[in-house]
Amino acid sequence: MKLLIVEDEKKLRISLANNIPWEKHDIEVVGLAANGREALQWIESRRPELVLLDIHMPKMNGLELAEAARRIDPDIRCIVLSGHDNFGYARQAMELGISRYLLKPAGDTEILNAVLEAADRIRSELARRHNMAELHGRWRQHLPHLQELFMQQWISGTLGEDDLARRGQELQIVWPASEAFAVAVIDIDAAGGTGTASCPGADDYPLLQFSLTDIAKESLGSLAWRVFRDGSGATVAVFAAPEGVHPNQLLLHIHTAAVKLTGTAKECLKLTASAGISGTAYGTGQLALLYRQARKSLEERIVHGNDIVIPYRDTGAAGRGMLPPVSLEKMFESSLETGHAEKAAEVLKKLLACGAAATASAEDVQERLIALGGTVARLIHQQGWTIREVAEDDFDVYAHLSRLKTREQAFDWLLRLVNRYCAYLQKERSGTVHETVRQMLAIVDEQIGKEISLHDVAERLFVNSSYLSRLFKQEVGKPFSNYVIDKKMERAKRLLQEGCKVYDTAERVGYKDVGYFSRLFHKYWGVTPGDVKDSSR
């Protein structure tokens, strides 16, 4: 937890910072201010949770500072350390929500306990805000979105039977009693329609798709079991046959409702929409298949035109030419972008398995290879690399995909590409990490004669201090503050051995308080600066 000390008396200010063991209690002193205006600048830039302040100071007194600090951060806790036993001050401090009002000369232990008590109150408040009741409320608020994500995963075919039952129960999905299902996919036509908005732009399209889903939920009423959007933004409606209703009757009802829905969309949005209707199937495990049938039917509007409801027709080779689920393709790309080789390999298997049972020719395998290999190649170029340097000896396969005679050979080639891409990404990121640490080390060497804090370094590198702290310790093997002390003490010893005076040495390694420097030097080396200087004569 971060602490700002505000005291106009320099000696007391330095004493409060150096003589109280803040670090042992996880309190980090992030700044020392001599007046209220200077303190406000620290508060705005460093965002301390705790402020230890005096009342009588130039430019802005402590109570005015406390009030201004609360306006910047309502959760900040202030502890007053005052030399004035004034009831009016104490009452005003209570009205401002100041945690403690201590009188000078307060002992170090009393001051430390007051700050720790305020820190405990902050932690208790944070715990209260994040208790289970509030988390449950937030979960309820996001439940519709979570249910939609669940349905998107379901239609993508990535969930097993056990996952369906378990996660459906967790998300309060009420399963229909029927076992016969059908699916419709409805989407805005890219062109056509009536009015001035007959051809929506890229910026308008997502909003229009969202509006179409709202219209579908209202228009389909109780006929549809679930209405949601898929990964591309199209509206998906899942239907379950009521008891006593034949599956063919269900399809007739769906077609009638879909025609009405597209008509309503035209009236409300001044745009045409089309729908693709699947066949019927039994069991929730067939939902992914039904979605793909509906999606395939919708794609046929390129033949039949817009503003149409298209039924699914089984041509005897339904799996051939069928696109894999959009969510799977996005998952594959996302896994590569994050360098998650195992996840990418897992998704790759599913992508190659899509329609595998119906794929009967080498051309179909090559079609899938071109698509997946192209995804890897595009990501390589986005990173500014060349395909040859990443793919290495597998580069030539890009130009000779016909050499891959079996599905196993194709998978092995793609898997090697995935692993090489992720390994190359990791290597590049490691180089970036080492460069950041190198910059930190250079800053320490450059600023060795000044006060050096991790926050100052973070601001210079335009990253957050928490990230730098973990990165530095991981790469160097010790905390940043310890490394800085090591460098300063080593330089101080060298300067003293070269005959430099103790006062000048302290100043040249960034310590303006010679007494504090001497104590730190003795603690670090086990001898005083004077002992080192005398031994060098």
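Everything below is about the structure shown above.
Residues numbered from 1 in each chain as written. Predicted model: local features only at pLDDT ≥ 70, side-chain atom pairs only at ≥ 80, totals over all residues. Heavy atoms only, no water.

Visitor: Would you explain the overall build of the chain in this entry?
Guide: For the chain, the count of helices and strands is 22 helices and 11 strands. A burial count over the chain gives 42% of its 537 residues as buried. Within the chain, contacts between residues separated by at least 24 positions form 65% of all contacts whose residues are at least 6 apart in sequence. Of the roughly 28700 Å² of accessible surface on the chain, a fraction of 51% belongs to carbon and sulfur atoms. (Helix = DSSP H or I, 4+ residues; strand = E, 2+ residues; numbered from the N terminus. Buried < 20%, exposed > 50% of the residue type's maximum accessible area, 1.4 Å probe, protein only. Contact = heavy atoms within 4.5 Å. Areas by Shrake-Rupley, 256 points an atom, 1.4 Å probe, with all protein chains shown as cover.)

Visitor: Is there a simple way to think about the side chain of Thr 235 in this case?
Guide: By the element assignment, Thr 235 lies in strand β8 (residues 235-240). Taking the relative accessible area as the measure of exposure, Thr 235 reaches 1% and is therefore buried. A polar contact is formed between the side chain of Thr 235 and the side chain of Thr 213, at a distance of 2.8 Å. Ignoring any residue separated from it by four or fewer positions in sequence, one finds Thr 235 in contact with Ala 184, Val 185, Ile 186, Gln 209, Leu 212, Thr 213, Ala 216, Val 227 and Phe 228. (Polar contact = N/O pair within 3.5 Å; in protein donor to acceptor, adjacent residues only side chain to side chain.)

Visitor: Any chance you could explain a nonpolar patch on the surface here in plain terms?
Guide: Together, Tyr 524, Trp 525 and Val 527 make up a nonpolar patch on the protein surface, roughly 220 Å² of accessible area in all. In this fold, Tyr 524 is placed in helix α21 (residues 514-525). (Patch = residues over 30% accessible without salt bridge, like charges linked within 9 Å, V, L, I, M, F, W, Y side chains within 5 Å. Salt bridge = Lys/Arg side-chain N within 4 Å of Asp/Glu carboxyl O.)

Visitor: Just to check I follow, could you spell out the sheet that holds strand β4 (residues 77-82) for this structure?
Guide: Where strands meet in a sheet, backbone hydrogen bonds hold them as pairs that are either parallel or antiparallel. Across the sheet, which stays open at both edges, the five strands sit in the order β2-β1-β3-β4-β5 with parallel pairing between neighbours. Whereas interior strands pair on both sides, the edge strands pair on one side only; in this sheet they are β2 (28-33) and β5 (100-103). When strand polarity is set aside, the average angle formed by the axes of neighbouring strands in this sheet is 20°. The sheet contact formed by strand β1 (residues 2-6) and β2 spans five bridges and is parallel. Across the sheet, Val 6 pairs through a bridge with Ala 33, a residue of β2. (Pairing = 2+ DSSP bridges. Axes fitted to C-alpha atoms, helices over the stretch in contact; angles between N-to-C directions.)

Visitor: Would you explain the packing of helix α8 (residues 205-220) against helix α9 (residues 247-269) in this entry?
Guide: Each pair of packed helices can be summarised by the angle the axes make with each other and by the distance between the axes. Between α8 and α9, the shortest axis-to-axis distance is 10 Å and the interhelical angle comes to 130°. By the criterion of interaxial angle, the relationship of α8 to α9 is oblique. Along this stretch, α8 crosses α9, giving a crossing that reads as right-handed. On α9, the residues touching Leu 208, Ser 211, Leu 212, Ile 215, Ala 216, Ser 219 and Leu 220 of α8 are Ala 257, Lys 260, Leu 261, Thr 264, Ala 265, Cys 268 and Leu 269. Residues of the contact of α8 with α9, tallied by class, amount to 10 nonpolar, three polar and one charged. (Parallel < 35°, antiparallel > 145°, perpendicular 65-115°, else oblique. Left-handed = near helix turned anticlockwise from the far one by under 90°. Nonpolar A, V, L, I, M, F, W, Y, C, P; charged D, E, K, R; others polar.)

Visitor: Any chance you could explain the packing of aromatic side chains here in plain terms?
Guide: The description of two aromatic rings rests on the distance between their centres and on the angle between their planes. Counted according to the given criterion, the structure contains 10 aromatic pairs. Look at Tyr 511 and Phe 517: their rings are 5.9 Å apart centre to centre, the planes differ by 35°, and that puts the pair in the tilted class. Here Phe 517 falls in the buried class, since its relative accessible area comes to 0%. Following the ring pairs from residue to residue traces out a cluster consisting of Tyr 511, Tyr 516, Phe 517, Phe 521, Tyr 524 and Trp 525. The cationic tip of Lys 488 hangs over the ring face of Tyr 511; the distance from NZ or CZ to the ring centre is 5.4 Å. The residue whose ring lies beneath Lys 493 is Trp 525, and the NZ or CZ to ring-centre distance is 4.1 Å. (Phe/Tyr/Trp six-rings, centres within 6.5 Å; stacked < 30°, edge-to-face > 60°. Lys NZ or Arg CZ within 6 Å of the ring centre and 35° of its normal.)

Visitor: Can you walk me through the nonpolar core in this structure?
Guide: If you look at soluble globular proteins, the nonpolar side chains tend to sit buried side by side. Counting 30 residues, the largest nonpolar core has Phe 332, Leu 336, Leu 348, Leu 414 and Tyr 421 as its most contacted members. Here the element with the most residues in this core is helix α16 (residues 407-446); it accounts for 10 residues. When residues no more than four places from it in sequence are discounted, the contact partners of Leu 336 are Ala 344, Val 376, Leu 379, Val 418, Tyr 421, Cys 422 and Leu 425. Counting residues in each nonpolar core, the second largest holds 28 residues, with Ile 215, Val 227, Ala 237 and Val 309 among its members. (Core = buried A, V, L, I, M, F, W, Y, C linked by side-chain atoms within 4.5 Å.)

Visitor: What is the right way to look at the environment of Leu 441 in this model?
Guide: Following the sequence through the fold, Leu 441 ends up in helix α16. A sequence separation of 35 residues divides Leu 441 from Val 476, and the C-alpha atoms of the two residues are 9.8 Å apart. Ignoring anything within four residues of it in the chain, the contact list for Leu 441 reads Phe 472 and Tyr 483.

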